[in-house]
Amino acid sequence: MTFDVLHKNVSKSNGRSFGKTSKLTPIKYAIWLYFILLIFEGALRKWVLPGLSDALLVVRDPVAIFIIYRAWYYNLTNRNYFIIAMTGLTILGMITALLFGHGNLFVALFGARVTLIHFPLIFIMGKVLEKEDILKFGKFILWLSIPMVVLIGAQFYSPQSAWVNFGVGGGEGEGFQGALGYFRPPGTFSF
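Residues numbered from 1 in each chain as written. Predicted model: local features only at pLDDT ≥ 70, side-chain atom pairs only at ≥ 80, totals over all residues. Heavy atoms only, no water.

### Side note on the overall build of the protein chain
On a plain count of helices and strands, the protein chain comes out with 7 helices and 0 strands. Along the protein chain, helices (α) and strands (β) appear in the sequence α-α-α-α-α-α-α when read from the amino end. The 191 residues of the protein chain split such that 35% are buried. Long-range contacts, defined as pairs at least 24 residues apart, comprise 65% of the intrachain contacts of the protein chain with a sequence gap of at least 6. Accessible area of the protein chain: about 12,000 Å², with a carbon and sulfur share of 70%. (Helix = DSSP H or I, 4+ residues; strand = E, 2+ residues; numbered from the N terminus. Buried < 20%, exposed > 50% of the residue type's maximum accessible area, 1.4 Å probe, protein only. Contact = heavy atoms within 4.5 Å. Areas by Shrake-Rupley, 256 points an atom, 1.4 Å probe, with all protein chains shown as cover.)

### Some remarks on the nonpolar core
Counting residues in hydrophobic clusters, the biggest one holds 27 residues, and the most contacted among them are I27, I31 and I67. Within the residue set of this core, elements represented by two or more residues are α2 (25–48), α3 (60–73), α6 (121–128) and α7 (131–157). With 9 residues, the top contributor of residues to this core is α2. (Core = buried A, V, L, I, M, F, W, Y, C linked by side-chain atoms within 4.5 Å.)

### Quick word on a nonpolar patch on the surface
Taken together, the side chains of I91, I95, L99 and F100 define a hydrophobic patch exposed on the protein surface, amounting to about 460 Å² of accessible area. Residue position: F100 is located in helix α4 (residues 81–100). (Patch = residues over 30% accessible without salt bridge, like charges linked within 9 Å, V, L, I, M, F, W, Y side chains within 5 Å. Salt bridge = Lys/Arg side-chain N within 4 Å of Asp/Glu carboxyl O.)

### Observations concerning the confidence of the model for the protein chain
Looking at the protein chain as a whole, its pLDDT mean stands at 85, while 85% of the residues score no less than 70. Counted against residues more than four places away or in other chains, residues 1–21, with its pLDDT under 50, gives 34 contacts. (pLDDT = per-residue confidence, 0-100.)

### A few points about the pattern of salt bridges
Here the structure, examined in full by the defined rule, presents 4 salt bridges. K28 is the salt-bridge partner of E130, the closest N and O atoms lying 3.7 Å from each other. Of this pair, E130 sits in the loop between α6 and α7 while K28 sits in helix α2, and the two are 102 residues apart along the sequence. With a shortest N-O distance of 3.2 Å, R113 and D61 are connected by a salt bridge.

### With respect to the packing of aromatic side chains
Summed over the entire model, instances satisfying the criterion amount to 12 aromatic pairs. Taking the centre distance of 4.0 Å and the plane angle of 5 degrees together, the rings of W32 and F137 count as stacked. With a gap of 105 residues between them, W32 in helix α2 and F137 in helix α7 connect regions that are remote in the sequence. Between Y73 and Y74, the ring centres sit 5.2 Å apart and the planes meet at 75 degrees, which makes this aromatic pair edge-to-face. According to the relative accessible area criterion, Y73 is partly exposed, its value standing at 49%. One aromatic cluster in this structure is built from W32, F35, F137 and F140. When the ring centre of F110 is taken as reference, the NZ or CZ atom of R113 above it lies at 4.3 Å. (Phe/Tyr/Trp six-rings, centres within 6.5 Å; stacked < 30°, edge-to-face > 60°. Lys NZ or Arg CZ within 6 Å of the ring centre and 35° of its normal.)

### Describing the packing of α4 against helix α5 (residues 105–118)
Relative orientation and spacing of two packed helices are given, respectively, by the angle between their axes and the distance between those axes. Between α4 and α5, whose axes approach to 10 Å, the crossing angle comes to 165 degrees. By the angle between their axes, α4 is roughly antiparallel relative to α5. Classified by chirality, the crossing of α5 by α4 is right-handed. Where α4 abuts α5, its residues M86, T87, T90, M94 and L98 lie against L105, A108, L109, A112, T115 and L116. For the contact of α4 with α5, the per-class residue count stands at 8 nonpolar, 3 polar and no charged. (Axes fitted to C-alpha atoms, helices over the stretch in contact; angles between N-to-C directions. Parallel < 35°, antiparallel > 145°, perpendicular 65-115°, else oblique. Left-handed = near helix turned anticlockwise from the far one by under 90°. Nonpolar A, V, L, I, M, F, W, Y, C, P; charged D, E, K, R; others polar.)

### As for the environment of S158
Locating S158 in the fold gives a position in the segment after α7. Given a relative accessible area of 24%, S158 falls into the partly exposed group. Counting along the chain gives 27 residues from S158 to P185, while the straight-line C-alpha distance between them is 9.7 Å. In this structure, S158 is in contact with V164 and N165, ignoring residues within four places of it in sequence.

Below, the structure written as structure tokens:
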């Protein structure tokens, strides 16, 4: 089923193509989950579940794979020269890393997952999301910026041993040192 056929088959009375009853709604929800995990993955790794910080490092991967699978199912993943080029460069980079670099297959696969799994999401999001969805993302970010500013202010003025500056796994913070003894605050992100 091509995108155009799906687009025509899933219409609502108000004229929009992909509404609440859309077959693409699970992909949109998965994109929201991916987006929220992108922002709060560090908070989970530092404060909520520090014992699972290593496992949470790849928490977005299954969501990204689900998005790619569903997009493939609905034939939203066409041949894209950017994806083909990135896949080729990733394979070349893996071979180079294994032959001339560190030589560790697991490290090479961990690095390759970024371009093999997460990079194609850019193009899938461009096909699935509508203007309304982008506006919702923007409003979410605007509302989220208020508590994020408070958190960053608390991190900036607190010592590295404070709870808000815990590092990944719950240890003391390892922020980037700046001028006058202050550190760069990470917010919810992990270094």
